[in-house]
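Summary of structural features
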Number of protein chains: 2
Amino acid sequence: MTAGLDFENWTCPVPLRDHPAIVMGHGGGGAMSAELVEHLFLPGYGAAGAGELGDCAVVEAGGVRLAFSTDSFVVRPMFFPGGSIGDLAVNGTVNDLAMSGATPLYLSAAFILQEGTALADIGRIAAAMGAAASAAGVRLVTGDTKVVDRRSGDGVYVNTAGVGMLAPGVDIAPRRATAGDAVLVSGDLGVHGVAVLSCREGVEFGTGVSSDTAPLHGLVAAMLATGADVHVLRDPTRGGVAASLNEIARAAGVGVELGERDLPVPPAVADACSLLGLDPLQVANEGKLLAFVPPDSADAVLDAMRAHPLGAGARRIGTCVPDHPGMVVARTALGGTRVVTMPIGEQLPRIC
Amino acid sequence: MTAGLDFENWTCPVPLRDHPAIVMGHGGGGAMSAELVEHLFLPGYGAAGAGELGDCAVVEAGGVRLAFSTDSFVVRPMFFPGGSIGDLAVNGTVNDLAMSGATPLYLSAAFILQEGTALADIGRIAAAMGAAASAAGVRLVTGDTKVVDRRSGDGVYVNTAGVGMLAPGVDIAPRRATAGDAVLVSGDLGVHGVAVLSCREGVEFGTGVSSDTAPLHGLVAAMLATGADVHVLRDPTRGGVAASLNEIARAAGVGVELGERDLPVPPAVADACSLLGLDPLQVANEGKLLAFVPPDSADAVLDAMRAHPLGAGARRIGTCVPDHPGMVVARTALGGTRVVTMPIGEQLPRIC
């Protein structure tokens, strides 16, 4: 099925050596972001750098297993249909913790404010963070505020870091993806990216699209309560499903096969992507998760997801396969296959 | 001794209501920063906000007491005599953890990169972070990278968050300052601020001044090993000794009395401050600590500090008193007293 495609010896088409300076694509969560981590940050950190500097680290302190994660948020505009940079900052870090199977507990909040930003806007963002933290059951316990001059900032940048706790035995990580696993998604794809884009460009698609930003740890708890040995969880934010699945495929040395007709892309997202030349698989989501589960658990996990408000649209979208390790392919509606590539740079800059 | 000064009913002379928008002073670590936290962030967070959102929170997970801290760094220039934004980002968060008495364990590192920043500069910063983390015995375990366009950033902003572990029984916090406590400092004051300023303005003072950026948890461990009941530790960064002592005095409802002649201000710092109209007590330090210890432990703690390379210049600079609670005064060389006020805004913007 993959004849004619050269799956061997893939290298980043835009290697670091061709970019002596940062370009927008380095922040896209795709191949260029991965190059920065692999060829710049990890060598720089040397022995002090641990693991793969992924979205979430699992560490140990005093015999307790902790999840520890950080994300900065630079989305523009700061307020968009369905949410704000404040919601994203809380839910994004809560979700990074949840994707390791941890119970999120504590968040930090650090602000870089541009001189001239209205206090009223910062107040709205703080209120959104408080409401999102309350909804997620986490506490905002420590913080920091820096101010930069008018030429050196852009409104509000927010960093949140988070600490969560892992129950004994929980081991959910990309390397655990296994040939035969069912690949599940919790609902409609591409909604956050299209919501921000529509607001940014002043256009509306279809009936209007609102961001799906939401905390996913409750949905994860419902999935784990089935007793299934969930192998991998991932929230497909920057770079979308395409980036997440490619990262998982490479981390585990497996292939992924998607059914293109099984992908839940709502009409408004499909229309917007078609109009703008975007691939919905590369568009950011902020309230969806991907799961790799053993095939005999798939139905039970899907049932548990569908019984949760944030998983009502859950479905199986593909299978983990032993073929073409490290690559993701989609069966098209016409029966052919196409490679779902790792996004290189940035389709939609500053989407989160 | 404090007759004639109105210590009652102090209020911030620059309240939020007079500033509908952010000004540089909101990032100075002084009264305006405190106003933002008290009147904007805490009300915004509501029930999800915990404690005072201080530099470092002490939280609990699975029966283990953790310290959790965050700081963003926006210093300009990014490289200065004695260090870089990378050193500050690691040592700053290590020190926030250490000031609670915790052993720092894990750091996150999140970057906001401006389009066009040279990869070579980012590589130098990453290498500085790796070296600083190795020197401090902490690991960089998780990270994030965002890119903003040329008009919306300024080189590299770095956020680090940190997790440390507290030994049972350790309780070091501003509220524990007690009348009678000796107030100690670990060495020369004002060095970091003057080093950055001299580099920024292209001038040199005296023989040249290098930043004192350093990880202080080893010094803290040496102090605690004396068995002394250390009440308060604080690294006087933004806002300097003046801001730190005022915060501690207010948190504990005590007064602080400094001997102005006892303050270790090196000649080059004194010259620079005199030339530029700065108060050395308000200038940032990045490798010094203040300690409040019971009077009968002061000598033992000072001996332990002086035996450590980062405390060689340790000395007693004052006393915690029951008079004028919430205020800091200094006895001048001529026998008078002056109030050491909380800095309002920002003497030296973007110093860390």
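Chain A appears in an unreviewed UniProt entry as Hydrogenase expression/formation protein HypE from Mangrovihabitans endophyticus. Reading the Sequence similarities (unreviewed entry) entry of the UniProt record for chain A gives the comment "Belongs to the HypE family."

Contacts between the two partners involve 82 residues from chain A, matched on the other side by 83 residues from chain B. Interface of chain A and chain B: buried area, both sides summed, is about 6700 Å²; carbon and sulfur atoms make up 67% of it. Considering only the side of chain A, the residues that lose the most area to chain B are A:Ile22, A:Phe68 and A:Leu119, jointly responsible for 11% of the buried surface there. On inspection of chain A and its partner chain B, the count reaches 6 salt bridges. The salt bridge partner of A:Arg350 is B:Asp149, with a shortest N-O separation of 2.9 Å. Joining chain A to chain B, the criterion identifies 30 residue pairs in polar contact (both at pLDDT 80 or more).

So, about the domain arrangement of chain A. All names here are of chain A. Looking at chain A, the domain boundaries give domain 1 (54-165) and domain 2 (174-339). Its C-alpha centre places domain 1 at a distance of 23 Å from the equivalent point of domain 2. Each side of the interface is counted separately: domain 1 has 21 residues, and domain 2 has 20 residues. In total, about 1700 Å² of surface goes out of reach between domain 1 and domain 2, with carbon and sulfur atoms giving 62% of it. For domain 1, the biggest contributors to the area lost against domain 2 are Pro81, Asn95 and Met99; these three give 34% of the whole. Where domain 1 meets domain 2, there are 6 residue pairs in polar contact (both at pLDDT 80 or more). Looking at which element gives the most residues to the side of domain 1 that touches domain 2, the answer is helix H2 (residues 85-98), with 8 residues. Here the residues of the side of domain 1 that touches domain 2 are counted per class, giving 11 nonpolar, 6 polar and 4 charged.

Turning our eyes to something else, we now look at the relation of the copies chain A and chain B. When chain A is fitted to chain B, the residual RMSD is 0.0 Å, and the transformation amounts to a turn of 180° plus an axial shift of 0.0 Å. Taken together, the rotation angle and the small translation identify this as a two-fold axis. The position closest to the rotation axis in chain A is occupied by the C-alpha of A:Gly153, lying 2.5 Å away. Of the interface residues in chain A, 100% have counterparts in chain B that sit at the interface too, so the contact is made through matching surfaces.

Quick look at the pattern of salt bridges now. Residue and element names in this part refer to chain A. Applying the stated criterion to the full structure yields 30 salt bridges over all chains. Its salt-bridge partner being Glu257, residue Arg331 comes within 2.7 Å of it at the nearest N-O pair. Residue Arg331 is found in strand E13 (residues 328-331), and its partner Glu257 is found in strand E10 (residues 255-259); the two are separated by 74 residues along the sequence. Here Glu260 ties to Arg338 by a salt bridge, and the two come within 2.6 Å at their closest N and O atoms.

Attention now goes to the UniProt feature "domain: PurM-like N-terminal" (unreviewed entry) in chain A. Taking the UniProt record as the reference, the feature "domain: PurM-like N-terminal" (unreviewed entry) is found at residues 55-165 of chain A. Helix makes up 29% of residues 55-165 of chain A and strand 47%, whereas the separation of the span's terminal C-alpha atoms amounts to 16 Å.

Residues and elements named next belong to chain A. Its place among the elements puts Gly190 in the loop between strand E8 (182-185) and helix H4 (191-201). The buried category is assigned to Gly190, whose relative accessible area is 0%. Separated by 95 residues in sequence, Gly190 and Asn95 place their C-alpha atoms 17 Å apart. If near-sequence neighbours (up to four positions away) are discounted, Gly190 is found in contact with Val269, Val283, Ala284 and Asn285.

Attention now moves to the sheet that holds strand E6 (residues 139-148) of chain B. The pairing of strands in a sheet comes from backbone hydrogen bonds and takes either a parallel or an antiparallel form. Here we have 5 strands laid out as an open sheet, ordered E1-E2-E7-E5-E6 (chain B), and mixed in their pairing. Every interior strand has two partners, whereas the edge strands, strand E1 (56-61) and E6 of chain B, have only one. In this sheet, neighbouring strand axes are inclined to one another by 20° on average, regardless of whether the strands run parallel or antiparallel. As paired strands, strand E5 (residues 103-114) of chain B and E6(B) are joined by 9 bridges and run parallel to one another. Residue pairing in the sheet places B:Ser108 in a bridge with B:Thr142 of E6(B). Running over the sheet, helix H1 (residues 31-45) of chain A touches E5 and E6 of chain B and is turned about 140° from E5(B).

Turning next to helix H3 (residues 119-136) of chain A. Along an α-helix, residues three or four positions apart point the same way, because every turn accommodates 3.6 residues. Spanning 18 residues, H3(A) covers 25 Å between terminal C-alpha atoms, matching the ideal 26 Å at 1.5 Å per step. Listed in full, the buried residues belonging to H3(A) are A:Leu119, A:Ile122, A:Ile125, A:Ala126, A:Ala128, A:Met129, A:Gly130, A:Ala132, A:Ala133 and A:Ala136.

This part is about the environment of A:Gly30. Residues and elements named next belong to chain A. Note on placement: Gly30 falls in the segment before H1. Taking relative accessible area as the criterion, Gly30 reaches 1% and is therefore assigned buried. Between the C-alpha atom of Gly30 and that of Ser244, which follows or precedes it by 214 residues, the distance is 8.9 Å. Setting aside residues no more than four positions away along its own chain, Gly30 makes contact with Met342, Pro343 and Ile344.

Definitions and limits used
Residues numbered from 1 in each chain as written. Chains lettered and ligands numbered in written order. Predicted model: local features only at pLDDT ≥ 70, side-chain atom pairs only at ≥ 80, totals over all residues. Heavy atoms only, no water. UniProt positions renumbered as here; feature names shortened; annotations may be inferred. Contact = heavy atoms within 4.5 Å. Buried area = accessible area lost by both parts, 1.4 Å probe. Salt bridge = Lys/Arg side-chain N within 4 Å of Asp/Glu carboxyl O. Polar contact = N/O pair within 3.5 Å; in protein donor to acceptor, adjacent residues only side chain to side chain. Domains from an automatic or database assignment. Helix = DSSP H or I, 4+ residues; strand = E, 2+ residues; numbered from the N terminus. Nonpolar A, V, L, I, M, F, W, Y, C, P; charged D, E, K, R; others polar. Least-squares fit on C-alpha atoms with pLDDT ≥ 70 in both. Buried < 20%, exposed > 50% of the residue type's maximum accessible area, 1.4 Å probe, protein only. Pairing = 2+ DSSP bridges. Axes fitted to C-alpha atoms, helices over the stretch in contact; angles between N-to-C directions. Expected span 1.5 Å × (residues − 1).

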